[in-house]
Every structure is written in C-alpha cells, then in structure tokens.
Amino acid sequence: IISTSNEIKRECKPKAHTRIACISDTHGAHRSFFVPPCDILIHGGDFTNTGEPCVVEDLSDYFGDLLSHNTHASQQQQQQPRVKHGIVCIAGNHELTFQPDHYEKVHDTFHPPKRGGRLDDQKARDALTNCTYLQDSSCQIEDT
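Residues numbered from 1 in each chain as written. Predicted model: local features only at pLDDT ≥ 70, side-chain atom pairs only at ≥ 80, totals over all residues. Heavy atoms only, no water.

Focus: the side chain of His-43
Note that His-43 resides in strand β4 (residues 38–43). Since its relative accessible area comes to 0%, His-43 is described here as buried. Polar side-chain contacts of His-43 include one of 3.1 Å to the backbone nitrogen of Gly-45. Other than its neighbours up to four places away in sequence, His-43 contacts Ile-23, Ser-24, Asp-25, Thr-26, Leu-59, Phe-63, Val-88, Cys-89 and Ile-90. (Helix = DSSP H or I, 4+ residues; strand = E, 2+ residues; numbered from the N terminus. Buried < 20%, exposed > 50% of the residue type's maximum accessible area, 1.4 Å probe, protein only. Polar contact = N/O pair within 3.5 Å; in protein donor to acceptor, adjacent residues only side chain to side chain. Contact = heavy atoms within 4.5 Å.)

Re the pattern of salt bridges
Pairs may arise between side chains of opposite charge once their charged atoms sit close together. Per the stated rule, a full pass over the model turns up seven salt bridges. Linking Asp-39 and Arg-19 is a salt bridge whose minimum nitrogen-to-oxygen distance equals 3.5 Å. Placement of Asp-39 in strand β4 and of Arg-19 in the loop between β2 (7–10) and β3 (20–23) is noted, with a sequence separation of 20 residues between them. The partner of Asp-121 in a salt bridge is Arg-125, and the shortest N-O contact between them spans 3.2 Å. Placement of both Asp-121 and Arg-125 in helix α3 (residues 121–127) is noted, with a separation of four residues, approximately one turn of the helix. (Salt bridge = Lys/Arg side-chain N within 4 Å of Asp/Glu carboxyl O.)

Some thoughts on the nonpolar core
Counting residues in hydrophobic clusters, the biggest one holds 18 residues, and the most contacted among them are Val-35, Leu-41, Phe-47, Phe-63, Leu-66, Val-83 and Leu-128. Every element with two or more residues in this core is listed here: β3, β4, α1 (53–67), β5 (83–90) and α3. Take this core: its biggest share by element is five residues, from α1. (Core = buried A, V, L, I, M, F, W, Y, C linked by side-chain atoms within 4.5 Å.)

Observations concerning the sheet that holds strand β6 (residues 132–134)
What links the strands of a sheet is backbone hydrogen bonding, and the strands pair in either a parallel or an antiparallel sense. The sheet built from four strands is open, its strands ordered β3-β4-β5-β6 with parallel pairing. Each having just a single partner strand, β3 and β6 make up the two edges of the open sheet. This sheet shows a mean twist of 20° between the axes of neighbouring strands, independent of strand direction. Here three bridges tie β5 to β6, and the two strands are oriented parallel to one another. (Pairing = 2+ DSSP bridges. Axes fitted to C-alpha atoms, helices over the stretch in contact; angles between N-to-C directions.)

Side note on the packing of aromatic side chains
Applying the stated rule across the entire model yields two aromatic pairs. Look at Phe-47 and Phe-98: their rings are 5.6 Å apart centre to centre, the planes differ by 85°, and that puts the pair in the edge-to-face class. With a gap of 51 residues between them, Phe-47 in the loop between β4 and α1 and Phe-98 in the loop between β5 and α2 (100–110) connect regions that are remote in the sequence. The pair formed by Phe-47 and Phe-98 is uniform in burial state, with each residue classed as buried. Members of the aromatic cluster, connected to one another through ring pairs, are Phe-47, Phe-98 and Tyr-133. (Phe/Tyr/Trp six-rings, centres within 6.5 Å; stacked < 30°, edge-to-face > 60°.)

Take a look at the structure:
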C-alpha cells in the first residue's frame, strides 16, 4: 500500500514481484516466530544456541512445514504453502558445529564432558535440510 501522511492513496500490486521474508537469531525458538506468506524465506543465522543437532533437526522439520500445505489453515490458505519457492539459510556465530575446525578448538568450553560433552558436529550439519544452506557460496531460486 502506498500512502502519504495518514491517507492511503492506492494499493500497489505489481504483476511480477517476489515477496522475501527474513528472520534471524531464533536460537531454537523458530516455531514462535511469525513468518508471513512469502516466495522466499531467508534465515540469517543463529538458529541454535551452540549448534545443537536436535535444534537443527527441528528447524529442518519446521522449514518442511513452511514449504508444505498447512492442513490447519482455512480451505483457501491450504492451497499455497507459507513459503512458496524456497528457504535460504546461513549459519551464525552460535552455530559452532557448522565450523568443524573452530569447534575442535572450543568444544570443551561450550560442551564440557560434565554437561554431556562434545556434540556430533557432522550430525548437526547433515540435519539441516528443507533449505538451501549457504556457506561461502550463493544460489539462485527459480520461480516454479
């Protein structure tokens, strides 16, 4: 909607547009964040507290839910997934397990033996699905 001061002038709906939503710093609470209907969702990192594989698995399941038809929505909303074309995700500084060389140096500080010990960093990285994970790379998402 285009407006000047408090008066709405007209609704702007271009014929060709891409709706992009961005979230970040969810730290395991991703299901409590509102994601508006969009074409592309970008998660800007810090989706865990310290790279926990179980949080990555749940995030991946959540991404799958956003990409699929929502069976709990109204009949009209069921026809389109919340995220239409794709999800792009990057790791933040809290995803320790996504940087194996760094995690090797710091795992005792963040995951000491008395609190369960070292996490399975490969399992954490492998658990991130239902999205395009970018690390020192780029991607192009095509309209399907």
